[in-house]
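# A look at the structure
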Amino acid sequence: MEATSETTARGARARIPAGARVCVRHGFYEGLELPIDGPWLVLGRGPTAEWSLAEVTLSRAHAAFGWDGDSFFVQDLGSTNGTFVNGVRQPRAVLRDGDEVQIGKLVLHVRLPSEHSMATPRTVP
């Protein structure tokens, strides 16, 4: 059988729903949109991050956004300034459409495809 789906960070196979993105609401990169089109996308100021932004309040590998086969998520990667979802510091959280994620001084707005926009918010272990 031919594999037509992408591999998630956990190794499971699942197609990543199209249209998910984070939009920078506040900060130097205001207006920038970043697609969540992979199972594990690192955002940080380091050169190896998929989303490398020259923002001094970000760690080199600050947080990862992605798709785990069931839901979109954000996970802090041991950053100095933390990752906040809707004002609450979270080590890892399932994302909902309209969530606000703050990393360093950047405030990001989450936009998810309609079939994932009503997911129940919860912290993922």
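Structure: above.
Our subject in this report is the structure included herewith. (Residues numbered from 1 in each chain as written. Predicted model: local features only at pLDDT ≥ 70, side-chain atom pairs only at ≥ 80, totals over all residues. Heavy atoms only, no water.)

### What to know about the sheet that holds strand β11 (residues 92-94)
Each strand in a sheet pairs with another by means of backbone hydrogen bonds, the pair being arranged parallel or else antiparallel. What counts, and what does not: Following DSSP output, two strands are said to pair if at least two bridges run between them. Helix and strand labels come from DSSP, where a helix needs a run of H or I of at least four residues and a strand needs a run of E of at least two; each type is numbered from the N terminus.
Taken in spatial order, the 5 strands make up an open sheet running β6-β5-β7-β8-β11, and their pairing is mixed. This sheet does not close on itself; its edge strands, each paired only once, are β6 (51-52) and β11. Examined bridge by bridge, strand β5 (residues 41-44) and strand β7 (residues 63-67) share 3 bridges and lie antiparallel to one another. In the sheet register, V42 faces β7, and the bridge partner there is A64.

### Topic: the packing of aromatic side chains
Note the following rule: Each Phe, Tyr or Trp ring, with Trp reduced to its six-membered ring, pairs with another whose centre is within 6.5 Å; inter-plane angles below 30 degrees give stacked pairs, above 60 give edge-to-face pairs, and intermediate values give tilted ones. To sort residues, take the accessible area from a 1.4 Å probe on protein chains only and compare it with the maximum for the residue type: under 20% means buried, over 50% means exposed, and anything in between is partly exposed. Criterion for a charge above a ring: Lys NZ or Arg CZ within 6 Å of the ring centre, and within 35 degrees of the ring normal.
Taken as a whole and judged by the stated rule, the model has 4 aromatic pairs. With 6.0 Å between their ring centres and 40° between their planes, W40 and F73 make a pair best called tilted. With W40 in the loop between β4 (33-35) and β5 and F73 in strand β8 (residues 72-76), the pair connects residues that are 33 residues apart, well separated along the chain. F73 gets classed as buried once you look at its relative accessible area, which sits at 1%. Seen in terms of ring centroids, W67 and F72 are 4.8 Å apart; in terms of plane orientation they differ by 55°. Their pairing is tilted. In this structure, R92 is placed above the aromatic ring of F73, and the distance from its NZ or CZ to the ring centre is 3.9 Å.

### A closer look at the nonpolar core
Across soluble globular proteins, nonpolar side chains have a tendency to be buried as a group. The cut-off we apply is this: In this description, a nonpolar core means a group of buried Ala, Val, Leu, Ile, Met, Phe, Trp, Tyr and Cys residues linked to one another through side-chain atoms lying within 4.5 Å. Residue contacts are defined here by distance: any two heavy atoms, one from each residue, within 4.5 Å place the two residues in contact.
Core analysis: the biggest nonpolar cluster contains 25 residues, and L43, F65, V101 and L108 have the highest contact counts within it. When residues of this core are traced back to their parent elements, those giving at least two are β3 (21-26), β5, β7, β8, β12 (100-103) and β13 (106-111). In contact with L108, not counting residues within four places along its chain, are V22, C23, V24, R25, L43, F65, D99, E100, V101 and I103.

### What about the sheet that holds β13?
The 6 strands are arranged β4-β3-β13-β12-β9-β10 in an open sheet whose pairing can be described as antiparallel. At either margin of the open sheet sits one strand with a lone partner, and together these are β4 and β10 (88-89). Here 4 bridges tie β12 to β13, and the two strands are oriented antiparallel to one another. Each residue of the ladder has a partner; that of V101, found in β13, is L108.

### A closer look at the side chain of T83
Let me state the cut-off plainly: Whenever two N or O atoms come within 3.5 Å, that pair is a polar contact, provided that in protein one can donate a hydrogen and the other can accept it, and provided that, for residues adjacent in sequence, both atoms are side-chain atoms.
Checked against the element boundaries, T83 lands in strand β9 (residues 83-85). One polar contact links T83 to D76, side chain to side chain, over a distance of 2.6 Å. Ignoring anything within four residues of it in the chain, the contact list for T83 reads H62, A63, V74, D76, V88, R89, Q90, V101, Q102 and I103.

### Examining the pattern of salt bridges
Condition: A pairing counts as a salt bridge when a side-chain nitrogen of Lys or Arg comes within 4 Å of a carboxyl oxygen of Asp or Glu.
Considering all chains together, one arrives at 4 salt bridges under this definition. When the shortest N-O distance is used, the salt bridge between E33 and R21 registers 3.0 Å. You can see E33 sitting in strand β4 and its partner R21 sitting in strand β3, a full 12 residues away along the chain. Residue classification places R21 among the partly exposed positions, given a relative accessible area of 30%. Here R96 ties to D99 by a salt bridge, and the two come within 3.6 Å at their closest N and O atoms.

### Describing the environment of V107
Checked against the element boundaries, V107 lands in strand β13. Spatially, the C-alpha atom of V107 lies 8.4 Å from that of C23, the residues being 84 residues apart in sequence.

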